[in-house]
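So the chains spell out like this:
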Amino acid sequence: MATRHDTAAPPVKEGGAAPGRPPAEPTEAEQQHRARLSRRWQRDKRWSPYAFVSPFFLLFLAFGLFPLVYTGWASLHQVEMTAPTDMTWVGMRNYTRIFDDDFFWNAAKNTLTIGIISTVPQLLMAMGLAHILNYKLRASTFYRVAMLAPYATSIAAASLVFVLLFGRDYGMINWALHFVGIDAIDWQNDKWPSQFAVSSIVIWRWTGYNALIYLAAMQAIPQDLYESAALDGASRWKQFLHVTLPSLRPTILFTVVVSTIGASQVFGEPLLFDANKGASGGAEHQFQTLGLYLYEQGWVNQHLGRASAIAWTMFLILIVIGIVNYVISRRLRASS
């Protein structure tokens, strides 16, 4: 008869865990090492975000804040391009001098008129194009890329092409006007035609950019609003007036402010459109903007102090525009 040998299992402690070896206490060196790692981790957690964003602030300090402060300091001195380190304190004389200068007010008026002529048609055309692209069209991606192509084009290349188009003797614009019985227009030497020509360059470059901004805002409008308006019998035109436009008010305000700021800083288009390739904005300063006037005072006449005063005047104008934008946006939010 076979004999069964039973082996007793080792006793088990309460909780189900088998008896084991107690963990060894860390040595003093290990404790110091863990403490150093913990302190390093805390420092890394605290200061790493600042290290990641520091390149932006360093670049802004070097190329943004320092030039702004230095320009403000130079605007209170008489400084010439030939000796930029020799400064003579004149206080507010540079500001009073430019305000007494007829060329400054002429440049301000030209900037205002060119800004209006370029901004208003530009935004209206951008709104219409965005409304068309908002519908389901074939090759819609191609049209959107084509709308952005003028924005990606070089200012110099675009301006030179428009100079050829608006040529007095051999320009295509005058050639087309000849067939409808209109005499040739001197686009570069007459005041209003030259301002219209410069504005057309701005319109061509920025209409597609603003159209894509409007298109993105239109696509964010809930479709339920259009379906409800259609059920109420609203036509597409009424849907655009009573659904699309009210929903786009913040976007429209943004584009108006950005376009206004851009119009106040127009520089490359009138500079390259001038037949003499100077900063005077035409033979009679007929399309000289504030940007050209600043460039003429600083780099042509070599009066850096006066140019700095003009730059700060333009900066204060932009601040006023920003304040007006803030007030209007607050009222729009309150009304909605």
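Procedures and definitions
- Residues numbered from 1 in each chain as written.
- Predicted model: local features only at pLDDT ≥ 70, side-chain atom pairs only at ≥ 80, totals over all residues.
- Heavy atoms only, no water.
- Phe/Tyr/Trp six-rings, centres within 6.5 Å; stacked < 30°, edge-to-face > 60°.
- Buried < 20%, exposed > 50% of the residue type's maximum accessible area, 1.4 Å probe, protein only.
- Helix = DSSP H or I, 4+ residues; strand = E, 2+ residues; numbered from the N terminus.
- Arc of directions from axis to C-beta.
- Contact = heavy atoms within 4.5 Å.
- 1 Å grid on protein atoms, 1.4 Å probe; cavity = no way out; pocket = protein on both sides within 12 Å on 5 of 7 lines; lining within 4 Å.
- Points joined across faces, edges and corners; volume = space filled by probe spheres on them.
- Nonpolar A, V, L, I, M, F, W, Y, C, P; charged D, E, K, R; others polar.
- Core = buried A, V, L, I, M, F, W, Y, C linked by side-chain atoms within 4.5 Å.
- pLDDT = per-residue confidence, 0-100.

On inspection of all chains with the given rule, the structure shows 24 aromatic pairs. For the pair Phe 99 and Phe 104, a centre-to-centre distance of 5.6 Å together with 80° between the ring planes defines the contact as edge-to-face. Judged by relative accessible area, which is 35%, Phe 99 ranks as partly exposed. For Phe 104, a relative accessible area of 4% puts it in the buried group. Following the ring pairs from residue to residue traces out a cluster consisting of Phe 162, Phe 166, Trp 187, Phe 196, Trp 204, Phe 273 and Phe 287.

Let's shift gears to helix α5 (residues 155-165). Residues lying three or four places apart along an α-helix face the same way, a consequence of the helix completing one turn every 3.6 residues. Of all the residues in α5, the buried ones are Ala 158, Ser 159, Phe 162 and Val 163. In a view along the axis of α5, the buried residues occupy a sector of 140°, so they form one face of it. Of the surrounding elements, those touching the buried residues of α5 are α7 (191-219) and α11 (268-273).

Right, let's get into the layout of surface pockets. Where empty space is left becomes clear once a probe the size of a water molecule has been rolled over the atoms. Within this model, the largest pocket holds a volume of roughly 470 Å³. The wall of the largest pocket is formed by 19 residues, among which Leu 112, Gly 115, Ile 116, Thr 260 and Ala 263 lie closest to the centre. Within the residue set of the lining of the largest pocket, elements represented by two or more residues are α3 (102-133), α10 (249-264) and α13 (304-335). Element by element, the count of residues in the lining of the largest pocket is highest for α3, at ten residues. Considering only enclosed or pocket space, the second largest pocket measures out at about 340 Å³ in volume. Residue lining of the second largest pocket: 14 residues in total, with Gln 265, Leu 294, Ala 311, Trp 312 and Met 314 positioned closest to the centre. The set of elements that each furnish at least two residues to the lining of the second largest pocket consists of α1 (28-74), α12 (290-300) and α13. Tallying contributions element by element places α13 first for the lining of the second largest pocket, with five residues. The residue makeup of the lining of the second largest pocket, split by class, is ten nonpolar, four polar and no charged.

Let's shift gears to the nonpolar core. The tendency in soluble globular proteins is for nonpolar side chains to be buried as a group. Ranked by size, the top nonpolar core spans 17 residues in total, and within it Met 127, Ala 130, Tyr 214, Met 218, Ile 221, Val 243 and Leu 248 carry the most contacts. At the level of elements, α3, α7, α8 (223-231) and α9 (236-247) are the ones that each hand at least two residues to this core. Beyond its immediate stretch of four places on either side in the chain, Ile 221 contacts Tyr 226, Val 243, Thr 244, Ser 247 and Leu 248.

Scored by pLDDT, the protein chain comes out at a mean of 85, with 91% of its residues at no less than 70. Here residues 1-9 is modelled with pLDDT under 50, and outside its nearest four sequence neighbours on either side it reaches zero contacts, counting other chains as well. Low pLDDT, under 50, characterises residues 12-18; the stretch is placed with two contacts to residues that sit more than four places away or in other chains.

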